[in-house]
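Chain residues, written in single-letter form:
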Amino acid sequence: MSSPDLSDLDAFVAVARARSFRGAAGLRSVSASSLSDALRRLEARLGVRLLNRTTRSVTPTEAGERLLERLGPALGEIAGALDAVNSVRDSPAGTLRLNVPSIVARHILPPIACRFLLAHPGITLEVVGDDSFVDVLAGGFDAGVRYEERVERDMIAVPIGPRRQRFVIAAAPSYLAARGRPLHPRDLLDHACIRHRFPSGRVAPWEFERDGQVIRISPEGPMIATSIEMEVAAAVAGLGVMAMFEEALRPALDSGALVPVLEEWWQGFSGPFLYYPSRTHMPAPLRVFVDFIKAERG
């Protein structure tokens, strides 16, 4: 039996962890067909089936489970050894893969990422905007960005971006002229409201806070969307009141296309964190990114 290629073994681990050729391909930025070819080569060389494939699922066989159990840590050690060499270079090179919420990908990370890449031209930054809160390690990412309540306790967390953010309420001048201005959060129950649906399918209630009093409501209205751009467009068109991260609404607020509502009830919250696992050999691109974030924060 000839020795299998390391790249084919790595492809097997990616597909086995993702339980999907398409999912693994998206995470690795390769085609699903290339992963399928790698699995066929590997199974042919080993003379055993490693994955059970159906039109709906991909699951490891008993042999595949045993290989995955031993191979995952071994590949991690190889990656750590290569990163140990990379870390002594004058200019570390490689790919840094981050999984971040869409609001961070749109409004917080871009200026930070550009400054980082200008300072480290040997590094390629791959960013996946994702609001589904996936397991970043199982997904093949080096690190993620999440808000405090979503950071797993066994992770190292480093502040990134603004330390305080706000969820704001706004509406178009035309809407307020026609329907009047709400003076209390519960008044929104009598207004048309534009809601956001998360990838989980959840439509979260709107939460307000003033002088220690917290109010949660679930208003109704003409639109529920997964797209922030759709929601902003609907609000600017005068279809209703919307609630969103201040960063997403700031251009419309500054231009006057939307005006703030119930400002004294806007709720503030902690800004996002870069988080990553504690391990002996941190990948060189991640190490220099963490150092860069810390240095920028002084």
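Residues numbered from 1 in each chain as written. Predicted model: local features only at pLDDT ≥ 70, side-chain atom pairs only at ≥ 80, totals over all residues. Heavy atoms only, no water.

Colleague: Whenever I open this one, the pattern of salt bridges confuses me. Can you help?
Modeller: Should their charged atoms come close, side chains of opposite charge can pair. One pass over the full model with this rule turns up 14 salt bridges. A salt bridge links Arg115 to Glu296; the nearest nitrogen and oxygen atoms lie 2.7 Å apart. Of this pair, Arg115 sits in helix α6 (residues 109-119) while Glu296 sits in helix α10 (residues 284-296), placing them 181 residues apart in sequence. Judged by relative accessible area, which is 39%, Arg115 ranks as partly exposed. Given the relative accessible area of 38%, Glu296 is considered partly exposed. The partner of Arg287 in a salt bridge is Asp291, and the shortest N-O contact between them spans 3.9 Å. (Salt bridge = Lys/Arg side-chain N within 4 Å of Asp/Glu carboxyl O. Helix = DSSP H or I, 4+ residues; strand = E, 2+ residues; numbered from the N terminus. Buried < 20%, exposed > 50% of the residue type's maximum accessible area, 1.4 Å probe, protein only.)

Colleague: Help me out: how do you make sense of the side chain of Arg97 in this one?
Modeller: Looking at where Arg97 falls in the secondary structure, it is placed in strand β3 (residues 94-100). A distance of 3.3 Å separates the side chain of Arg97 from the side chain of Glu126, its partner in a polar contact. Among residues more than four places away in sequence, those in contact with Arg97 are Gly26, Leu27, Arg28, Glu126, Val128, Gly139, Gly140, Phe141, Asp142 and Ala143. (Polar contact = N/O pair within 3.5 Å; in protein donor to acceptor, adjacent residues only side chain to side chain. Contact = heavy atoms within 4.5 Å.)

Colleague: Please explain the nonpolar core as it appears in this structure.
Modeller: Leu98, Leu109, Leu249 and Phe289 are the most contacted members of the largest nonpolar core, which totals 60 residues. With six residues, the single largest contributor to this core is α10. With residues up to four places along the chain from it excluded, the contact list for Leu249 reads Val168, Ala170, Val232, Met242, Met244 and Leu258. Listed in part, the 20 residues of the second largest apolar core include Ala16, Ala38, Leu51 and Leu75. (Core = buried A, V, L, I, M, F, W, Y, C linked by side-chain atoms within 4.5 Å.)

Colleague: I would appreciate a short explanation of the environment of Val232 in the present structure.
Modeller: Tracing the sequence through the fold places Val232 in helix α8 (residues 228-236). Judged by relative accessible area, Val232 falls into the buried class, the value being 17%. Measuring from C-alpha to C-alpha, the distance between Val232 and Phe167 comes to 14 Å, with 65 residues separating the pair along the chain. Beyond its immediate chain neighbours, meaning those up to four positions away, Val232 contacts Met242, Ala248 and Leu249.

Colleague: Looking at this structure, how should I read helix α1 (residues 6-18)?
Modeller: Note that an α-helix has 3.6 residues per turn; residues three or four places apart therefore point the same way. The end-to-end C-alpha distance of α1, which contains 13 residues, comes to 18 Å, matching closely the 18 Å that a straight helix rising 1.5 Å per residue would cover. Buried residues of α1: Asp8, Leu9, Ala11, Phe12, Val13, Ala14, Val15 and Ala16, and no others. Arg19 sits one or two residues past α1 and shows a positive phi near 55 degrees. (Expected span 1.5 Å × (residues − 1).)

Colleague: Quick question: what am I supposed to make of unusual backbone geometry here?
Modeller: The phi angle of most residues is negative, glycine excepted, and most peptide bonds adopt the trans form. Its identity is not glycine, yet Arg19 carries a phi of approximately 55 degrees, on the positive side. Residue placement: Arg19 occurs in the loop between α1 and α2 (21-28). Although it is not a glycine, Leu262 adopts a positive phi angle of roughly 55 degrees. Mapped onto the fold, Leu262 is located in the loop between β13 (259-260) and β14 (267-270). Residue class for Leu262 comes out buried when judged on its relative accessible area of 5%.

Colleague: In this structure, what is going on with α10? I would like to understand it.
Modeller: Its 13 residues give α10 an end-to-end C-alpha distance of 18 Å, which sits within 8% of 18 Å, the value for a rise of 1.5 Å per residue. Within α10, the full set of buried residues consists of Ala284, Pro285, Leu286, Val288, Phe289, Val290, Phe292 and Ile293. The positive-phi residue at the C-terminal boundary of α10 is Gly298, with phi of around 80 degrees.

Colleague: For this particular structure, what's the right way to read the packing of α2 against helix α3 (residues 32-46)?
Modeller: Two numbers describe a pair of packed helices, the interaxial angle and the distance between the axes. Remark: α2 packs on α3, axes separated minimally by 8 Å, with the N-to-C direction vectors making an angle of 110 degrees. Here α2 is positioned roughly perpendicular relative to α3, judged by the angle of their axes. For the element pair α2 and α3, the recorded crossing hand is right-handed. Contact with α2, carried on its side by Phe21, Arg22, Ala24 and Ala25, involves Ala32, Leu35, Ser36 and Leu39 of α3 and no other residues of that element. Residue classes in the contact of α2 with α3 are distributed as six nonpolar, one polar and one charged. (Axes fitted to C-alpha atoms, helices over the stretch in contact; angles between N-to-C directions. Parallel < 35°, antiparallel > 145°, perpendicular 65-115°, else oblique. Left-handed = near helix turned anticlockwise from the far one by under 90°. Nonpolar A, V, L, I, M, F, W, Y, C, P; charged D, E, K, R; others polar.)

Colleague: Any chance you could explain the packing of aromatic side chains here in plain terms?
Modeller: To describe a pair of aromatic rings, one takes the distance between the centres and the angle between the planes. Throughout the structure, instances matching the rule amount to six aromatic pairs. Linked through ring pairs, Tyr147, Phe167, Phe245 and Phe269 together constitute an aromatic cluster. When the ring centre of Phe141 is taken as reference, the NZ or CZ atom of Arg97 above it lies at 4.5 Å. (Phe/Tyr/Trp six-rings, centres within 6.5 Å; stacked < 30°, edge-to-face > 60°. Lys NZ or Arg CZ within 6 Å of the ring centre and 35° of its normal.)

Colleague: Help me out: how do you make sense of the pairing of strand β7 (residues 164-171) in this one?
Modeller: Regular strands place side chains that alternate from one sheet face to the opposite one. With four bridges connecting them, β7 and β14 associate as antiparallel partners. Bridged to Arg166 within β14 is Gly268. Of the pairings in the sheet, the one linking β7 to strand β12 (residues 241-245) comprises four bridges and is antiparallel in character. Bridge pairing in β12 links Ala170 to Met242. (Pairing = 2+ DSSP bridges.)

Limitation: the analysis is restricted to geometry and does not speak to function.
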